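Chain by chain, the residues run as shown.
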Amino acid sequence: MIRPFSEPIYVTRPILPPVADITARLEQIWSTQWLTNAGPQHEELEGALRRYLNVDQLSLFTNGTIALLCAIRALELSGEVITTPFTFPATPHALAWSGITPVFADIDPVRLTLDPAKVEERITPKTTGILAVHVYGVPCDVEALAAIAAKYRLRLLYDGAHAFGVRIRGTGIGSYGDATMFSFHATKLFHTGEGGAISCATPELRHRIDRLKNFGIADQETVECVGINGKMSELQAALGLAVLEHMHAETNRRRSVLGLYAKRLGALPGITLMPELHGVESSYQYCAVRIDQSLFGASRDELHRTLKTFNVFARKYFYPLCSDYPSYRELPSASPECVPVARAAASQVLCLPLYGSLGDDAVHTICDIVQSVSSVRT
Ligand SMILES: *Cc1c(COP(=O)(O)O)cnc(C)c1O
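Residues numbered from 1 in each chain as written. Predicted model: local features only at pLDDT ≥ 70, side-chain atom pairs only at ≥ 80, totals over all residues. Heavy atoms only, no water.

This part takes up the pattern of salt bridges. For the coordinates displayed, the defined rule picks out 14 salt bridges. With its nearest N and O atoms 3.3 Å apart, the salt bridge here joins Arg25 to Glu44. Placement of Arg25 in helix H1 (residues 19-32) and of Glu44 in helix H2 (residues 40-53) is noted, with a sequence separation of 19 residues between them. The partner of Arg343 in a salt bridge is Asp324, with the nearest N and O atoms 3.1 Å apart. Here Asp324 lies in the loop between strand S16 (312-313) and helix H12 (340-348) and Arg343 lies in helix H12, a separation of 19 residues in the sequence. Overall, Asp324 belongs to the partly exposed group, its relative accessible area being 30%. One continuous salt-bridge network, built from bridges that share partners, spans Glu46, Arg206, Asp210 and Lys213. (Salt bridge = Lys/Arg side-chain N within 4 Å of Asp/Glu carboxyl O. Helix = DSSP H or I, 4+ residues; strand = E, 2+ residues; numbered from the N terminus. Buried < 20%, exposed > 50% of the residue type's maximum accessible area, 1.4 Å probe, protein only.)

A separate point is the sheet that holds strand S15 (residues 287-291). Two orientations exist for strands paired in a sheet by backbone hydrogen bonds: parallel and antiparallel. Pairing in this open sheet of three strands is antiparallel, and the strands run S13-S15-S17 from one edge to the other. One side of each edge strand has no neighbouring strand; the edge strands of this open sheet are strand S13 (271-273) and strand S17 (349-352). Adjacent strand axes in the sheet meet at a mean angle of 35°, parallel and antiparallel pairs treated alike. In this sheet, S15 lies alongside S13 in antiparallel orientation, the contact comprising three bridges. The residue bridging Ile271 from the neighbouring strand is Ile291, located in S15. Contacting S15 and S17, helix H11 (residues 300-309) runs over the sheet at an angle of about 25° to S17. (Pairing = 2+ DSSP bridges. Axes fitted to C-alpha atoms, helices over the stretch in contact; angles between N-to-C directions. Contact = heavy atoms within 4.5 Å.)

Moving on, we come to the sheet that holds strand S14 (residues 280-281). Taken in spatial order, the three strands make up an open sheet running S8-S7-S14, and their pairing is antiparallel. Bordering the open sheet on either side are strand S8 (171-172) and S14, each of which pairs with just one other strand. By the bridge criterion, two bridges tie strand S7 (residues 167-168) to S8 in an arrangement that is antiparallel. Paired with Arg167 across the two strands is Gly172, which belongs to S8.

A few words now on the layout of surface pockets. Over the atoms rolls a probe the size of a water molecule, and its path tells where empty space is left. For the largest pocket, the calculated volume is near 630 Å³. Along its surface, the largest pocket is lined by 35 residues, and Phe88, Thr187, Lys188, Tyr286 and Tyr317 are the ones closest to its centre. Those elements giving two or more residues to the lining of the largest pocket turn out to be helix H3 (64-74), helix H4 (90-97), strand S9 (179-183) and S17. The class makeup of the residues in the lining of the largest pocket is 18 nonpolar, 12 polar and five charged. The two domains that each donate at least three residues to the lining of the largest pocket are domain 1 (19-244) and domain 2 (246-377). Computed from the structure, the second largest pocket encloses a volume of approximately 440 Å³. Looking at the second largest pocket, it is lined by 21 residues, and the ones nearest its centre are Leu258, Met274, Pro275, Glu276 and Ser282. Looking at the lining of the second largest pocket, the elements with two or more residues in it are helix H9 (247-265) and S15. The biggest single contributor to the lining of the second largest pocket is H9, with four residues. Of the residues in the lining of the second largest pocket, the class split is 14 nonpolar, five polar and two charged. When we break the lining of the second largest pocket down by domain, the ones giving at least three residues each are domain 1 (19-244) and domain 2 (246-377). (1 Å grid on protein atoms, 1.4 Å probe; cavity = no way out; pocket = protein on both sides within 12 Å on 5 of 7 lines; lining within 4 Å. Points joined across faces, edges and corners; volume = space filled by probe spheres on them. Nonpolar A, V, L, I, M, F, W, Y, C, P; charged D, E, K, R; others polar. Domains from an automatic or database assignment.)

Written out as structure tokens, the structure reads:
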């Protein structure tokens, strides 16, 4: 008999460095009395992350969504932008908030990222760009998307909120396209409590993004564009620097937890884990599985409910599809027959608990529960 966990097991837990590491940095902040606007902690974190992410240009933000809004404005996107319905609300919202119509295109059945062929079908004279998402850290087909962007002279922007630390044959994921957004929200792998960043291709674009996140201020007497306040504070940056020290250990431990899940669940009928693509260094941020009801013997929703009775809170991430939100469902591209692959994925995916402090015993118990749900019917 499988015993329920005595404490709830959530899908993730933030890296929390020893409090002493934070207080040491807080003392530095107190001594300088510099709380925000590109202070020493901010500059140190920006440099450290540029190296960690292996990108040329990086600009830190107070959260990922404001970062995305600034990138959209810096790239002068307008009219229609093609994006995926299989993502977090922030992706289409950042477009709609900027007065742009999100146009949904279907996803690839294996990567669960935008299908380049479907993107091409959605291009109209109003299209100005593509906003693609590296779902669960699995990179989009970056070469095919770059070819389409070049062919139709579109801007290519990536939501890399899931892809911190991902590399393709050594190249940082943030080096692809015109710009890439990263989120440092507490639920993400690397975090600053709330926070985010934009990496981009050129110093000129970086300069424009830096202006936009500081009200458009160029100097004390010059405001050169309509900006917003998107700056990361010294306190956020201090937390980030302390968290960064733990990334190596956290990533190693998550890799081993994922390996255990793969070993236990990989051979079960009706369960598919996310693909490991050749040459791709993963972020180890999510353990997403797909449940094919006819082979597994139970639906994703039944598994989700059963896990809950054992105090395990897996997440139906991403469900519902963004194209089903009241704000978007009337759009022509949001009709169900336009996004069948995304619709199937949204009904099948489940994110299982994955974090460094999750013990092997707990992973085994979670796998026992999954196995018991499956074997009940087969
Ligand atoms: C978390 C997340 C965001 C939003 O980032 P915030 O830092 O919370 O604003 C955007 N897109 C995706 C795919 C995310 O997972």
